[in-house]
Amino acid sequence: MGETIQSVERAAAILRLLASGPRQLGVAELAKALGLPKGTLHGILRTLVRVGFVEQDQATGKYRLGATLLHLGSSYLDVNELRTRSINWADALAGRSRESAWIGTLHEGHVLVIHHVFRPDDSMQTLQVGTYLPTHASALGKVLLAYDPYGEAPAAPLRAYTKATLTDPKALEAELDQVRTRGWAAETEELTEGEVAIAAPIKDARGIVVGAIGIRGAVERLASDGALHMEYVSYVRDAARAITRALAR
Amino acid sequence: MPRPHYVAAIDQGTTSSRCIVFDDAGNIISVAQREHRQIFPRPGWVEHDAGEIWQAVRALLGEAVSGAGIEDAQIAALGITNQRETTVLWDRETGRPVCNAIVWQDTRTDALTRALAEHESLFKERAGLPLATYFSGPKIRWLLDEIPGLRERAERGEVLFGTMDSWLLWNLTGRHITDVTNASRTMLMNIHTLGWDDELLAAMGVPRAMLPEIRPSAEVYGRTAGGVPVASALGDQQAALFGQTCFAPGETKSTYGSGSFLLMNTGHEPVVSKHGLLTTVGYQIGSGPATYALEGAIAVTGSLVQWLRDNLGLISSAAEIETLAKTVDDNGGCYFVPAFSGLFAPHWRSDARGVIAGLTGFVNKGHLARAVLEATAWQTREVVDAMNADSGLDLTTLRADGGMTADNLLMQTLADVLAVPVIRPMVAETTALGAAYAAGLATGYWPDVESLRANWHKAAEWRPAIDEAVREREYRNWKKAVARTLGWVDQEEESRA
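Just so it is clear, the structure is predicted and the values come from calculations on it, not from any experiment.

Thresholds, definitions, all that
Residue indices follow the written sequence of each chain, beginning from 1 at its first position. Written order decides the labels, with chains lettered from A and ligands numbered from 1. Under the rules for a predicted model, residues below a pLDDT of 70 receive no local features and side-chain atom pairs below 80 are neither given nor counted, while totals for whole chains, interfaces and linings still include all residues. For the side-chain quantities, the full set of heavy atoms in the structure was used; hydrogens and water were omitted. Using a 1 Å grid laid over the protein atoms alone, points where a 1.4 Å probe fits but cannot get out form a cavity; open sets with protein on both sides within 12 Å along at least 5 of 7 lines form a pocket; any residue with an atom within 4 Å of a point counts as lining. Grid points are joined across faces, edges and corners, and a volume is the space filled by probe spheres set on the points. Helix and strand assignments follow DSSP, with helices taken as H or I runs no shorter than four residues and strands as E runs no shorter than two, numbered in order from the N terminus. For the domains described, the bounds stem from an automatic or database domain assignment. For two strands to count as paired, DSSP must find a minimum of two bridges between them. Inter-axis angles, ranging from 0 to 180 degrees, are taken between N-to-C directions of lines fitted to C-alpha atoms, where helices are fitted over the stretch in contact. Contact criterion: two residues are considered in contact whenever any of their non-hydrogen atoms come within 4.5 Å of each other. UniProt positions are given in the numbering used here, feature names are shortened, and annotations may be inferred rather than shown by experiment. Relative accessibility thresholds used throughout: buried, under 20% of the residue-type maximum; exposed, over 50%; partly exposed, between the two (1.4 Å probe, protein chains only).

Observations concerning the layout of surface pockets
Residue and element names in this part refer to chain A.
- In this structure, the second largest pocket encloses a volume near 870 Å³.
- Along the walls of the second largest pocket sit 34 residues, with T105, L106, H107, D148 and Y150 positioned nearest its centre.
- Looking at the lining of the second largest pocket, the elements that each hand over two or more residues are β3 (100-107), β4 (110-117), α6 (139-146) and β8 (209-218).

Here's the deal with the domain arrangement of chain A
- Taken domain by domain, chain A comprises domain 1 (6-70) and domain 2 (80-248).
- Measuring from the centre of the C-alpha atoms in domain 1 of chain A to the corresponding centre in domain 2 of chain A gives 45 Å.

Observations regarding the sheet that holds strand β7 (residues 195-203) of chain A
Residue and element names in this part refer to chain A.
- The strand order across the open sheet built from six strands is β5-β4-β3-β8-β7-β6, with neighbouring strands paired in antiparallel fashion. Single-partner strands in this sheet number two, and they are β5 (132-134) and β6 (185-188). For this sheet the average axis-to-axis angle between neighbouring strands, irrespective of direction, equals 30 degrees.
- Two elements, β7 and β8, share nine bridges in a ladder whose sense is antiparallel. Its bridge partner being in β8, A197 is matched across the sheet by R216.
- In the packing of helix α5 (residues 79-97) onto the sheet, the strands contacted are β3, β4, β7 and β8, and the crossing angle to β4 comes to about 60 degrees.
- On the sheet, helix α9 (residues 230-248) packs against β3, β7 and β8 and is oriented at approximately 25 degrees with respect to β7.

Concerning the UniProt feature "domain: HTH iclR-type" (unreviewed entry) in chain A
- The sites that UniProt annotates as "domain: HTH iclR-type" (unreviewed entry) are residues 5-67 of chain A.
- With 57% helix and 10% strand, residues 5-67 of chain A has end C-alpha atoms that lie 25 Å from one another.

Digging into the UniProt feature "binding site: sn-glycerol 3-phosphate" (unreviewed entry) in chain B
Residue and element names in this part refer to chain B.
- On the UniProt side, "binding site: sn-glycerol 3-phosphate" (unreviewed entry) is annotated at positions that read T14, R84, E85, Y134 and D236 here.
- With respect to the helices, strands and loops of the structure, T14 is situated in the loop between β1 (6-12) and β2 (16-22).
- By relative accessible area, T14 is classed as buried at 15%.
- Ignoring any residue separated from it by four or fewer positions in sequence, one finds T14 in contact with H36, Q38, H48, Q83, V103, W104 and Q105.
- Of note, Y134 is situated in the loop between α3 (120-127) and α4 (136-146).
- Aside from chain neighbours lying at most four places away, what touches Y134 is R84, E85, W104, K139, R185, F261, L278, E295, A297, F344 and W348.

Below, the structure is given as structure tokens:
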């Protein structure tokens, strides 16, 4: 831990004070409460106004919290909201592909399954909502890693789930490059022997990837001679685009 | 290769209208949606502008078809499903509504329905319905009483009545008709003969000249301007029953929207409930016999979540209730009975009002969110108990649909309190799907109901996961909370309001 930056601490103190009540505060009041010279406060307040965290009342010259700050904590997309907005398209994806459909988001370095539609063959299946998948060994995870705005790589060592799992960080990085180029990810028996998965990104109104949707099924249905049937990729990408459009509204 | 054909359905709902295009496997191809205004002239009054709704519906069909990247000629049939009981009166000559539509939630007819109490057994026996502000008949009567000159014009057949299906069919095909399921919600149709009943009309004071012709739920009624056959009409809950392919007696569905509605197929004979359920027509396909249903209507379920969002501001979207509820492990001892406009099935108590019971200093907003979700589950349990008692059958699984099925915590809670598995079908939009199915059957797009059954698939299943002792304790607490809602409104006070 290094030393702290005094002006950031002072900015935080100003924000905390402005957030403490409904009253707008003038420079003199802030100076008194914080025990700081007005000149120091002016510089910090000017900066906070410029980034939109604080607003100055035109009439009184007093300060209050800015709208930008108020929206900062609520701009992420709630996972239950994402499920609600996706549910029709996830159903249609499972219906068309005749495979199970999945939606995942990143959660503390794993893929959190936030929605799961059964394979439509009325066989015994168990709802997997709330379970986790490894990022490097799942199609959903590869999409989420490839488009992660923080760009964090999964912690080494990468665990091998099958002999096809990508365990070399360089190989995974090359794969993620390909995901970004193609706009979708595949996972061929990398998590479970005999199973294949395909996934594509779901973006919010700002174009940020907020989740991934995909299907999972038996290798003999989704691929032949090691190559995926491309119509399944189309189904997945269509569903991802339909949800992305729905989120833009 | 011939171009593929699809079936479209218009779902004219309480807050919005939608048009959905389906393929032959029942998959959604495209959705178009438009909201309309909710008009609240006074407390307890809820109105819609039927003209605005028709304009929205007319635009939607084009939007949904072009959204699917196809043309009108590729739509094999158009079905209609609608908010039920909402009452539209329009001028036969101009085709314009003569007043705002009175919405099913509107309670202005409360004093009027009490004044009809002498006919209660007649309505129960002939129409299958209890006296309540909910149904169309009292709404028509109120308008005829209140608007000068309207009764005379109605008697001469210059002013026409219709529920939303009828209003849309009039505009789409030029015919003044309604379907038998919608007619079964007016209190004016005899559920045994499926025709308007003179004694019911006399008791309600509604002239026959203003009523539409009653037709089956599925037949070709006419064609749209674009040449698409208009081939089904069903009330929204009956459409959901059909969309869930509940074609056999005993099969039951529950739809979770603003309110919630359980319907059980009872076959070709109407079953009169001894436990506060409604007898209603489920569907009638072409010239076949009518299939009846028992219905348990719950007034406030999803709208309680909206109340938490709009009136308390505890969440910013309905889906966030699950996030908030999951911040705690249980309800913290708190129970919420949302009897906002009285209690519907199985209680039918208009003197009840909402309570939040069991509050202590420990209870926080997470517990309140749990109590809100549990309110939907316990209200469902009460209706299921009534249905089991009336039908002599025990529900073995609950087929749930509607917007709230996206809430996994609610679905798990339902399984826990009902002690049976809860199943969500592949298409949560069963209302629109049911209208599409009926229209597709009428035009031969689908050959028979068995081909529709083959389209039904389980999308998710929640299994009970709590102890019987916990379930019984919670149910006892819920019942104590319900008891505290009763008798809140004094009749005198209510008449003044």
